[in-house]
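Below are the chains, spelled out letter by letter.
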Amino acid sequence: MFQTTTLGYARMGKRRELKKALETFWGGTSSADDLLALRQDLEVKTWQAQLTAGIDRIAVGDQTLYDHVLDWTVRLGLIPRRFQGLSGLDRYFAMARGRDALPALEMTKWFDTNYHYLVPEIEDKMQPLGNFGEFLAMVQRSQAVLGDRAVPVVLSPVTLLALSRHNGDLMAWLDQLLPLYVDLLGQLKALGVKEVQLHEPILVTSQAADLKTAVQNTYHQLASVGLPIQLVTYFDDLGVNYGWVTQLPVAGISLDFTRGHNLDLLISQGFPADKILGAGVVDGRNIWQIHPDVILAMLKKLQAIAPNLRVQPSASLQFVPHDATLETQLSEPLRNVLSFAEQKLVEVVFLARMLNSEDTAAQQAEMQHQWQAFEQFNPPNPDVRQALASLTVEDFERSLSYSLRLDKQVKLPHLPTTTIGSFPQTKEVRQLRVKYKKGDISQAEYQRNIDTNIAECIKIQEEVGLDVLVHGEFERTDMVEYFGQQLEGFAFTVNGWVQSYGSRCVRPPIIYGDVSRPQPMTVREFQVAQALTQKPVKGMLTAPITILNWSFSRADISRRDQAFQIALALRQEVADLEAAGAQIIQVDEPALREGLPLKVQRWSDYLSWAVDAFRLATAIAQPQTQIHTHMCYCEFGDIIQDIERLDADVISIENSRSGNRTLQEVTEGGYSHQIGNGVYDIHSPVVPTEKQLVQQLKAGLANLPTQQIWVNPDCGLKTRRWEEVVPSLKHMVAATQKLREEIDATTR
Ligand code: GLN
Ligand code: ZN
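Cut-offs applied
Residues numbered from 1 in each chain as written. Chains lettered and ligands numbered in written order. Predicted model: local features only at pLDDT ≥ 70, side-chain atom pairs only at ≥ 80, totals over all residues. Heavy atoms only, no water. Helix = DSSP H or I, 4+ residues; strand = E, 2+ residues; numbered from the N terminus. Rg over C-alpha atoms; globule rule 2.2 N^0.38 Å. Contact = heavy atoms within 4.5 Å. Areas by Shrake-Rupley, 256 points an atom, 1.4 Å probe, with all protein chains shown as cover. Lys, Arg positive; Asp, Glu negative; His and termini not counted. Charge placed at Lys NZ, Arg CZ, Asp CG, Glu CD. Donors = N, O, S within 2.8 Å, 3.2 Å for Na, K, Ca; no water. Tetrahedral: all angles 85-135°; square planar, octahedral: opposite > 155°, others 65-115°. Buried < 20%, exposed > 50% of the residue type's maximum accessible area, 1.4 Å probe, protein only. 1 Å grid on protein atoms, 1.4 Å probe; cavity = no way out; pocket = protein on both sides within 12 Å on 5 of 7 lines; lining within 4 Å. Points joined across faces, edges and corners; volume = space filled by probe spheres on them. Nonpolar A, V, L, I, M, F, W, Y, C, P; charged D, E, K, R; others polar. Near = heavy atom within 4 Å. Polar contact = N/O pair within 3.5 Å; in protein donor to acceptor, adjacent residues only side chain to side chain. Pairing = 2+ DSSP bridges. Right-handed = clockwise from strand over helix to strand, strands pointing away.

A. Region of interest: the overall build of the protein. In terms of helices and strands, the protein carries 27 helices and 22 strands. Relative to the compact-globule value of 27 Å for 748 residues, the protein shows a C-alpha radius of gyration of 27 Å, a close match. Based on the C-alpha atoms only, the size of the protein along its principal axes is roughly 80 × 65 × 50 Å. A separation threshold of at least 6 residues defines the contact pool for the protein, and within that pool the share at least 24 residues apart is 77%. Accessible area of the protein: about 29,200 Å², with a carbon and sulfur share of 50%. With 72 positive and 88 negative side-chain charges, the protein shows a separation of 3 Å between the mean positions of the two kinds.

Laid out in structure tokens, this is it:
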């Protein structure tokens, strides 16, 4: 009999109960007991949902108050010195969110997902110490509900260390952690647990080969406990490491068959007869229902090689929302082919029943019928398909090269000053948008109000003395949602929340059909702003890869084609902005780097089409139109050539937090276009002084010729308050003025 397994479940509660509980606790209006009680209650609900669906082996211990990596950091006693005076929840949340003079742990993306984890900081001389009491108590509670079906999830020490910040030798740290893990597995065994999952996603990255000895050593030691281990990988294939990983002394290995080439590896290299294959065939990262015949065909292939298999999602279901049936406002044919966490459980069980030759004909016919209805509802857009098929090299190429078009573009003083686009999103602005959305105010009234904000914003920028202005983005809740809502082919959920980090959830748009632009999306606001000033106002767009990566994408056409479709829509917008008088158009691409595949050998393929998508969106601009882009990150060196190939005239980047490292990388890479090296950190409420900014600017000038440098904050200002923004920008302009005078004096 084929069994079913899960690797983790949605974490926030069906109605984001955990988010609300966390926020009231942080706000001081509920107690720690309330919070912990709610958390336990939610945990039980996730177990019951999986039990009711008929899952045989249910992951427990995946649920968390804030972040599962932080949970293991604390359980292993890896507490940085600055938090050692604190304890319990107090310390936990201080590590997660920072407090007073205690900066939080750094937060970064969990592999190639949009979930963020807290990076463990391992300090020299730290003494790891096992603190497994609450974990073991949770396991016992789960056994009371699930019996032998409960399978504790443990984050492997190798992945934990590989993701952490530490000086020195990973192996030395591993030697310290392994006895704690051996002890933990022993205690789980004593509780009567039947098997344990060790999550080891680092094995799918390019780092894995270097970790071979560490991984082998780890599993040999853990195997000595005698508790069956399921080694769990996800997000990509095992690649060149397939051979030795499948030989590790574990009871089973879970592989992702929705991404990468694990199926090919299995077919060409076989699978050990004595091991269980955890077949991750239901995609835990997208929101589409399975095509039963396609998956069944794959399962049959797997079964021929690894007869001892279990059906499971490809990853934890934390990356999808809870329940698609709640989205009653969506057209039925679309809603019926959506699959969120609850639906995916049903699919997993359905597939196992099918393999077990139970009668699933009716269910299968139903799914096929739903897909047919969806295809009728959502036929390809012939114009879009045609446009995509007839692209030529010229469509990706500006008509003049950078050096030739440079002189034709807007004339500005040395070290031109500007901002990244958004200005403070005050409560009033947010309420205004809500009122409009609810239908409480008319479109005319809404636009009048937006325009008042634009006018005020222009006035302030002129008073501050900036050279290139923006309209302020008051009409946008989110830089992706704003465009998705105006493009054909996008759908929006009401309850489709997924955790981004801690209590923060996002509702990614769903790309379900061919993308097209019925009408201009940003031209009105641009015109309103430009009419109010002699200074150039930047047109402001979000670039294709950011729109694609921050949405749930289609599974029936390639990501490249989806990016190109979005690019074609943006291309029309660029042309319209230009026709409306925009001399400068900024196309933000903050997600370009985070879209990099987990394996380095796949980078060049991705970067090739991702950069092409940006070029397709922007190359239509006349030579005299200056194209800007913005990216808010700092690790740059390894993709600098690709950044240059975007062929933007100006790029603005995060630089202030990286201590000018970015700028050095850019200089070393020989970047020839203009660059706005963010001169201060907008994530902090601190107003930078003129003196600090002069220093920051000088660092820039030491690295690059004056003609290449722009002056701007390192990201949009929407999360800041006007009281912080105005003085900061004034100091920035004053510092720039000082430098200009110095430059003039030396060149005279
Ligand atoms: N133009 C956007 C803004 O200023 C850019 C945001 C971003 O980089 N994430 O808000
Ligand atoms: Zn940014």
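B. Inspection of the coordination of the zinc ion (ligand 2) at higher detail. The coordination sphere of the zinc ion (ligand 2), as far as protein atoms go, consists of His630 (NE2), Cys632 (SG) and Cys715 (SG), spread over 2.0 to 2.4 Å. Here the zinc ion (ligand 2) binds four donor atoms, and the angle range of 86 to 124° at the metal identifies the geometry as tetrahedral. Between consecutive donors of the zinc ion (ligand 2), the numbers of intervening residues give the motif H-x1-C-x82-C. Note that His630 is positioned in strand β19 (residues 626–631) and Cys715 in the loop between β22 (709–710) and α27 (722–747), a separation of 85 residues in sequence. You can call Cys715 buried: its relative accessible area is 16%.

C. Up close: the layout of surface pockets. Here the second largest pocket is characterised by a volume of approximately 480 Å³. Lining the second largest pocket are 19 residues, with Leu36, Arg39, Leu89, Tyr92 and Glu134 positioned closest to its centre. Looking at the lining of the second largest pocket, the elements with two or more residues in it are α2 (32–53), α3 (68–75), α4 (88–97) and α5 (133–146). Here the lining of the second largest pocket gets five residues from one element, more than from any other, and that element is α5. Considering only residue class, the lining of the second largest pocket consists of eight nonpolar, four polar and seven charged.

D. Structural view of the site of ligand 1. Taken together, Ile420, Gly421, Ser422, Glu473, Met479, Met540, Asp588, His630, Cys632, Cys715 and Gly716 are the residues near ligand 1. One of the backbone N or O atoms of Ile420 is found 3.1 Å from a nitrogen atom in ligand 1. Ser422 places a polar side-chain atom, nitrogen or oxygen, 2.7 Å from an oxygen atom of ligand 1. Across the shell around ligand 1, the residue classes break down as five nonpolar, four polar and two charged.

E. Seen up close, the side chain of Arg593. Within the fold, Arg593 resides in the loop between β18 (584–588) and α23 (603–618). Beyond its immediate stretch of four places on either side in the chain, Arg593 contacts Trp603, Tyr633, Glu635, Phe636, Asp638 and Ile639.

F. Spatial organisation of the pairing of strand β10 (residues 252–256). Summarising burial for β10: five of the five residues are buried, a large majority. With burial as the criterion, each face of β10 is covered, one bearing Gly252, Ser254 and Asp256 and the other bearing Ile253 and Leu255. As paired strands, strand β9 (residues 229–232) and β10 are joined by three bridges and run parallel to one another. Looking at β10, one finds that Val232 is bridged to Ser254. Here β10 pairs with strand β11 (residues 276–282) via five bridges, running parallel.

G. Representation of the pairing of β9 in the model. Side-chain alternation along β9 places Ile229 and Leu231 on one buried face and Gln230 and Val232 on a second face that is also buried. As paired elements, strand β8 (residues 196–199) and β9 share four bridges and run parallel to each other. Looking at the pairing, Gln197 lines up with Gln230 of β9. The handedness of the β8 to β9 crossover, carried by helix α8 (residues 212–223), is right-handed.

H. View of the environment of Ser314. The topology assignment puts Ser314 in the loop between β12 (309–313) and α12 (332–335). C-alpha separation for the pair Ser314 and Arg285, spaced 29 residues apart in sequence, amounts to 7.8 Å. If sequence neighbours within four positions are ignored, Ser314 has contacts with Leu7, Thr233, Tyr234, Asp256, Thr258, Gly280, Val281, Val282, Asp283, Gly284 and Arg285. A distance of 2.8 Å separates a polar side-chain atom of Ser314 from the backbone nitrogen of Gly284.

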